[in-house]
Structure formats: structure tokens, C-alpha cells
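Chains, contacts and geometry: an overview
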Amino acid sequence: MEPFLDFHVIADNITYFMIGRYPNGPLGGFALTIWLAVVSCVLSLFGGLVLGLLSISRQRLIRIPVMVFINTVRGLPLLMVIFWMYFLLPLILGKTTPESETVIMGLTLFTSAYMSQIVRAGIEGIPKGQTEAALSTGLKPWQAMLYIVLPQGLRNMIPSFVNQFVSLIKDTSLAFIVGVSELTHVATQINNRTMAYPTEIFIFIAAVYFVICYAFTSLSRLLERKLAWNKSM
Amino acid sequence: MLNYHFDWSIITSGKYFEWLVSGVKVTLELSAISIVFAFVLGLLLAVLRMSQVKPVRYIALAYLEFFRNTPLLVQIFFWYFGSYKILPQAVNDWLNNTNFEFAAAVIALSIYTSAFIAEDIRSGILSIPKEQMEAARSAGFSYLRSMQYIILPQAVRITVPPLVNQFLNLAKNSSLAMTIGVAELTYQARQVESYTFKGFEAFGAATVVYLVISSSITFLVYQYDRRVLNPHKAA
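Here's a quick rundown of the structure.

Here is what the cut-offs are and how they apply
Residues numbered from 1 in each chain as written. Chains lettered and ligands numbered in written order. Predicted model: local features only at pLDDT ≥ 70, side-chain atom pairs only at ≥ 80, totals over all residues. Helix = DSSP H or I, 4+ residues; strand = E, 2+ residues; numbered from the N terminus. Buried ≥ 20, exposed ≤ 12 C-beta atoms within 10 Å, placed from the backbone. Contact = placed C-beta atoms within 7 Å. Nonpolar A, V, L, I, M, F, W, Y, C, P; charged D, E, K, R; others polar. Core = buried A, V, L, I, M, F, W, Y, C linked by C-beta atoms within 7 Å. Expected span 1.5 Å × (residues − 1).

1. Some remarks on the overall build of chain A
The helix and strand inventory of chain A stands at 10 helices and zero strands. What you see in chain A, going N to C, is helices and strands ordered as α-α-α-α-α-α-α-α-α-α. Taking the principal axes of its C-alpha atoms as reference, chain A extends roughly 75 × 50 × 30 Å. For chain A, buried positions account for 39% of its 233 residues.

2. Points about the interface of chain A and chain B
Tallying the contact residues gives 30 residues for chain A and 30 residues for chain B. For the side of chain A that touches chain B, the secondary-structure elements that each account for two or more residues are α5 (78-93), α8 (141-171), α9 (183-194) and α10 (198-227) of chain A. Sorting elements by how many residues they give to the side of chain A that touches chain B places α10(A) first, with 11 residues. Taken together, the residues that form the side of chain A that touches chain B break down as 22 nonpolar, seven polar and one charged.

3. Regarding the nonpolar core
A:Met80, A:Val81, A:Ile82, A:Ile205, B:Ile76, B:Ala105 and B:Ala108 are the most contacted members of the largest nonpolar core, which totals 109 residues. Among the elements that make up this core, the one with the highest residue count is helix α6 (residues 100-126) of chain B (13 residues). Not counting chain neighbours up to four residues away, the residues in contact with B:Ala105 comprise B:Leu30, B:Ile76, B:Ala177, B:Ile180 and B:Val182.

4. Topic: α9(A)
If you check α9(A), its first and last C-alpha atoms are 16 Å apart, about what 12 residues at 1.5 Å a residue would give, namely 16 Å. Of all the positions in α9(A), only A:Leu183, A:Thr184, A:His185, A:Val186, A:Ala187, A:Ile190 and A:Asn191 are classed as buried. In this structure, the buried residues of α9(A) make contact with α2 (14-19), α3 (29-55) and α10 of chain A together with α4 (72-82) of chain B. Just downstream of α9(A) lies A:Met195, where phi reads positive at about 65 degrees.

5. Thoughts on unusual backbone geometry
Omega for the peptide link from A:Tyr22 to A:Pro23 comes to 0 degrees, which places this bond in the cis form. Following the sequence through the fold, A:Pro23 ends up in the loop between α2 and α3. Positive phi is not limited to glycine here, since A:Met195 has a value of about 65 degrees. With respect to the secondary-structure elements, A:Met195 resides in the loop between α9 and α10. Taking the C-beta count within 10 Å as the criterion, A:Met195 has 8 such neighbours and is therefore assigned exposed. The phi angle at B:Phe197 is positive, at roughly 60 degrees, despite the residue not being glycine.

This is how it looks when you write it as C-alpha cells:
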């Protein structure tokens with residue numbers, strides 16, 4: 001058995017790892033991983049905001065179904081959510097959906113549920129006095145939420161959002177399961193083709209994921225310190 | 001709305017029912033075994049992470065950061081496909097003679113989860129006021145005995161809820177083991193779906209099982225919180 005690792009296989013395939021068959025084919029590899037993560041992140045920011053606000057609604061008929069939905073999604077493995085999407089989307093839309101859209105929908109639904117908890121906690125962390133003061137100046141409840149409470153809450157939520165983005169980058173690897181050619185999928189392809197270098201290939205992509213995720217984890221920690229409200233206020 | 005014909009009888013008895021039940025068993029088995037290893041490893045890492053010796057502390061930190069910031073799926077593939085080149089021959093021989101898919105999943109899940117558990121344990125210990133340690137030391141306890149009799153018993157109490165939640169995460173994450181052919185719940189649901197085209201029923205059954213697992217764990221944590229951590233609040 002060859003005892004030393006041979007990273008030639010990485011150098012030989014580096015373009016394929018990074019961008020897939022692009023520009024002669026669809027975008028793939030690391031670039032697609034980032035694309036999936038960014039698109040899902042933007043969509044789940046909206047989803048999380050909407051679900052989070054609905055989950056603290058004073059209307060029971062709104063609050064309870066939304067809470068049930070959020071907790072159901074949070075109780076499931078992401079893989080299960082992706083399979084549901086894979087199975088349900090064609091039924092609902094009446095046509096087949098591209099795999100990458102299925103994955104984006106699955107990731108968005110899943111991450112929105114988690115983001116909604118961040119939004120909820122962020123809003124609940126703002127003292128009640130802020131709402132009361134806003135209402136007493138004549139603002140309507142939705143105005144008080146939109147102009148007074150939410151902007152302050154959002155500031156506190158930013159580090160958690162960044163952490164959630166890190167989870168999303170890691171979660172995009174599950175797109176592999178429905179055949180989307182992101183980084184993990186590309187790695188298994190190269191592994192199947194070259195046969196002899198699984199150790200090198202998986203160490204390499206682990207390192208790629210680590211670099212990007214660690215960068216954002218560090219950013220989140222930095223923001224947490226920078227954005228913390230001055231305690232003397 | 002949907003052009004879909006429901007047939008729940010398919011999954012409530014017979015072959016497909018048995019597949020799903022065996023899937024539930026494998027999921028629980030995989031999670032139960034992995035959580036034990038993850039806990040032991042996590043405890044060890046938490047201690048190393050707080051060591052007075054700098055290199056030890058940094059090695060533990062590197063381990064934690066690396067395994068927390070890499071996708072679990074990639075870790076599973078690494079252990080399953082790629083670990084043979086870096087493991088000793090004896091370990092490879094042993095692994096090849098066992099159920100290797102299952103073993104690789106246990107290794108990956110334990111190592112991944114241990115990194116999260118270590119942080120939970122560490123923040124539990126750090127949440128005990130410094131004065132407790134100082135008081136214990138000045139009462140004549142050694143560092144280790146202070147940990148054993150004063151700090152840890154208090155830290156364990158408040159670390160229970162996050163640890164139980166890690167078990168829940170682990171049970172959910174164990175679904176990734178299907179990618180290397182471990183026939184756990186998600187795998188079996190997928191199997192049933194592809195044999196019968198009854199996706200609603202197959203995924204519905206698996207969804208219910210996952211929800212039962214997660215809501216019972218959430219309930220346990222809630223009860224623990226109410227009865228053990230905040231008994232004065234329970235009316």
C-alpha cells in the first residue's frame with residue numbers, strides 16, 4: 001500500500017473542483033456551492049423574517065399554525081425536507097423542477113424555520129418600553145415594529161444570521177443527494193473516475209469548506225463584539 | 001388539488017412496514033452508540049481546551065474548529081472512502097471485518113458531534129462563578145478535587161439540556177448515513193418510495209417518527225428545565 005498522500009489529483013482537476021464544466025457547461029463545483037448558499041440565504045432571510053414576525057403575532061389563528069410549521073421543520077432532518085421537496089414540487093407545480101431549484105427550495109424552507117427563531121429572539125430582546133414609547137407617540141403597532149423595534153433587533157441578529165449562513169454552506173453539500181454538481185458531488189465524481197485518491201480528494205474539499213466556513217465563523221464572532229450595545233446605555 | 005391517490009395500507013403492514021421499522025431501529029441504534037462516543041470525546045476535548053498548557057489548548061481548539069466548520073457529509077465520505085490510507089493496517093482489517101458502513105457512520109457522527117458537545121460542556125463549566133473554584137481551593141481541595149466535588153456537579157446540571165439537544169441533532173444528522181448505504185429511517189423511506197411510488201405515505205411515516213423523537217426530547221428538556229433547574233417557578 002502506498003503510504004504517502006499524492007495531491008497531484010487535486011492539481012490536475014482544480015478547475016473542475018472550482019467551477020465544474022463552466023464555461024463549456026453549467027456552473028458547478030465550489031462556485032455552485034457558494035451560489036446555492038447565497039441564493040438560499042437571501043431567500044431564507046425573507047422567509048425567516050416573515051415567519052418570525054408571524055410567530056409572535058397576537059392573533060392565535062396566525063401564531064399557532066406558524067409555530068407548528070416552524071417546529072415541524074426544525075424537528076426533521078434536512079435530508080427529509082429535501083426529499084419532500086423533490087417529491088412534492090412536481091406534484092404541486094405540475095411539471096418537473098430542476099434539481100438545483102429543488103435543493104434551493106429545500107434549503108430555504110429549512111433555514112427559514114431556523115432564521116425565524118433568530119428573528120423572534122432578536123425582537124423579544126428589545127425592551128418593551130421601546131414599543132410602548134413608539135405607540136404613545138402615535139405610531140400604529142406595525143409602524144412601531146417596522147421603524148422602532150425591528151431595526152434595533154436586526155442589529156442584534158446579524159451575528160446569528162452569519163452563523164446560519166455558515167450552516168447553509170455546510171448544508172449545500174446535501175445537494176449531492178439529488179445530483180446537483182456542487183463541490184461534494186464533483187468530488188465524488190472525480191473520486192469515481194480516478195479511484196485511487198479518495199483520501200486526498202476528501203481532505204482537499206474538507207479544507208476548502210473549512211476555509212470559507214471558518215472565515216465566516218470568525219466574522220460572526222467579530223461582529224458579535226463590534227455590534228454589542230454599549231452596556232452603559 | 002393534487003392528482004394523487006392515497007393508500008396508507010401499503011406502509012401499515014407487510015414488507016414495507018417492516019422496512020420502515022428496521023429503519024427506525026437502525027436510526028436509534030446509530031444515534032445511541034454515537035452519542036456515547038461523542039460524549040466521552042467531547043468531555044475529553046472540553047478538558048483539553050481548558051488546559052493550562054498552551055499547545056494542548058491549541059490542538060484541542062484546532063480540532064473543534066475544523067470539525068465544526070466542515071460539512072458532516074464530507075466527513076462521512078472521508079471516513080468511508082478515504083480513511084484507509086491514514087489508519088493503521090490493524091484498524092483497517094478490523095473495520096473490514098465489521099459492518100464498515102455502520103462503523104464509518106458512527107466514527108463520523110461521534111467526531112462531528114463531539115466538537116459541539118465539547119463547547120456545550122465548556123460553557124457549562126465557565127458559567128460557574130470563579131469564586132466557587134477559589135473558595136474550594138482555599139478550603140484545601142486540590143484543583144482536580146475542586147473540579148470533581150464543586151464545579152462539575154453544578155456544571156453537569158446546567159449542561160444536561162444542551163447535551164440532550166445534541167442527541168436530537170445527532171438523531172437527525174444520522175440520516176446522512178444513508179449516503180454510504182446504512183439502512184436507517186430516511187434510507188428505508190426512500191426505498192419504500194422508489195418501490196411503491198407512494199411518496200406521501202413513505203415520507204409521511206418517516207416524518208412522523210422523526211417528529212415523535214424530536215418532540216419527546218423537547219418535552220423532556222422542558223420538564224427538566226421546569227423541575228430541576230427552576231423548581232421555584234413550577235407552580
